[in-house]
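Spelled out, the chains give:
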Amino acid sequence: MTEVNLDFSNLTVIIPTLNEEKSLGELLELIERNAPNCKIIVADDGSIDKTKEITETFEGKLETFFLDRKDEEVHGLTVSVLDAILTCSTAYFLVMDGDLQHPPKVIPGFLKLLQEEYDLVAGNRIKIVGNWSLNRKLMSFVARLLGSLALIFRRKNRVKDVMTGLFASRTQIWKGFLQKKKKKFVLEGYKVLFDFLKSYPSKLKVGHVDYTFGTRHSGESKISKKVIWLYFKSLF
Ligand SMILES: Nc1nc2c(ncn2[C@@H]2O[C@H](COP(=O)(O)OP(=O)(O)OP(=O)(O)O)[C@@H](O)[C@H]2O)c(=O)[nH]1
Ligand SMILES: [Mg+2]
């Protein structure tokens, strides 16, 4: 349920996508229901499915913008999110995966904390639904632990789950930082929030919203050995 005092027109939901036609339509509907009047940027990277057409069917109903990165030199989740932030015209933005693993019903909780003066709000996976292999669970645990240690060691702002792809912040903070420091990010990687926390020089007021990480119901995972390797390299 949405709260009366929340003004979603101050929020842009950024969705990094690569061939998510099977979930995107349902996701956009759920976002509209949970965050009416928000803006949406579908940060696409050259999908070869109907991602663009699906986004266009929502034009008029939602303020949806398809960010077409197919002709860009560098591709990746991180660079797509960063490019979307740079085009953002609202005070706040929130990043959410396109495969329905992040539940749109938590969006109001993020906006509430941002309106209460938090600078950054990170999703905190309290539960993971689905059959993750032992290998994936172990990998996720180690990645989270090493990421946290890397931030503690550098005396940086921390979040409960540095691996989360669900987070929200004030657009101006990121735009100001990106104008000078975009090269601090692993552009082809996945861990936008970790890269930001690792390099951002000042203290931020950080909040959290708990959520259940769902199962990917359709489409294919894009996570690759290269992406995992890029993350582990970025720890040091
Ligand atoms: N723009 C862009 N989006 C991407 C890229 N790689 C993945 N994505 C999107 O980023 C989101 C997260 O990717 P996933 O493949 O779901 O990664 P994951 O959630 O860690 O893995 P699964 O649990 O297997 O789904 C999804 O919406 C993808 O479509 C990319 O290179 N560019
Ligand atoms: Mg996923």
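An account of the accompanying structure is given in this report. This one's a predicted model, so the numbers in the text were calculated from it and none came from an experiment.

1. A few points about the pairing of strand S2 (residues 39-44)
Strand residues, when the strand is regular, have side chains that alternate between the two faces of the sheet. The buried fraction of S2 is high, at 6 of 6 residues. Along S2, one buried face is formed by Lys39, Ile41 and Ala43 and the opposite face, lined by Ile40, Val42 and Asp44, is buried too. Across 6 bridges, the pairing between strand S1 (residues 11-17) and S2 is parallel. Directly across from isoleucine 15, in S2, lies its bridge partner valine 42. One crossover worth recording links S1 to the parallel S2 by way of helix H1 (residues 21-34), and it is right-handed. The sheet contact formed by S2 and strand S3 (residues 63-68) spans 6 bridges and is parallel.

2. Topic: a negative patch on the surface
The grouping of Glu21, Glu53, Glu56 and Glu59 at the surface amounts to a negative patch. On the basis of relative accessible area, glutamate 59 is assigned to the partly exposed category, the value being 46%.

3. Description of the environment of phenylalanine 185
Position of phenylalanine 185 among the secondary structure elements: in the loop between helix H6 (171-181) and helix H7 (192-199). Put simply, phenylalanine 185 and lysine 222 are 37 residues apart on the chain and 19 Å apart in space, counted from C-alpha to C-alpha. Here phenylalanine 185 is in contact with Thr78, Leu82, Trp174, Phe177, Leu178, Val192, Asp195 and Phe196, once residues within four sequence places are set aside.

4. Let's talk about a nonpolar patch on the surface
A cluster of nonpolar side chains, namely Leu138, Phe141, Val142, Leu145, Leu149 and Ile152, defines an oily patch on the protein surface of about 540 Å² accessible area. Mapped onto the elements, phenylalanine 141 comes out in helix H5 (residues 134-153). For phenylalanine 141, a relative accessible area of 52% translates into the label exposed.

5. Topic: the sheet that holds strand S6 (residues 167-170)
Overall, mixed pairing links the 7 strands, which are arranged S3-S2-S1-S4-S6-S5-S7 in an open sheet. Of all strands in the sheet, those with a lone pairing partner are S3 and strand S7 (206-213), marking the two edges. If you compare each strand with its neighbour and ignore which way they point, the axes differ by 20 degrees on average.

6. Here's the deal with the environment of serine 199
Along the chain, serine 199 falls in helix H7. Taking the C-alpha atoms as reference, serine 199 lies 9.4 Å from phenylalanine 177; in sequence the two are 22 residues apart. Once you skip the residues sitting within four places of it in the chain, serine 199 turns out to touch Lys156, Phe177 and Lys184.

Parameters at a glance
- Residues numbered from 1 in each chain as written.
- Chains lettered and ligands numbered in written order.
- Predicted model: local features only at pLDDT ≥ 70, side-chain atom pairs only at ≥ 80, totals over all residues.
- Heavy atoms only, no water.
- Buried < 20%, exposed > 50% of the residue type's maximum accessible area, 1.4 Å probe, protein only.
- Helix = DSSP H or I, 4+ residues; strand = E, 2+ residues; numbered from the N terminus.
- Pairing = 2+ DSSP bridges.
- Right-handed = clockwise from strand over helix to strand, strands pointing away.
- Patch = residues over 30% accessible without salt bridge, like charges linked within 9 Å, V, L, I, M, F, W, Y side chains within 5 Å.
- Areas by Shrake-Rupley, 256 points an atom, 1.4 Å probe, with all protein chains shown as cover.
- Salt bridge = Lys/Arg side-chain N within 4 Å of Asp/Glu carboxyl O.
- Lys, Arg positive; Asp, Glu negative; His and termini not counted.
- Charge placed at Lys NZ, Arg CZ, Asp CG, Glu CD.
- Contact = heavy atoms within 4.5 Å.
- Axes fitted to C-alpha atoms, helices over the stretch in contact; angles between N-to-C directions.

As far as function goes, none of this settles anything; it's purely spatial.
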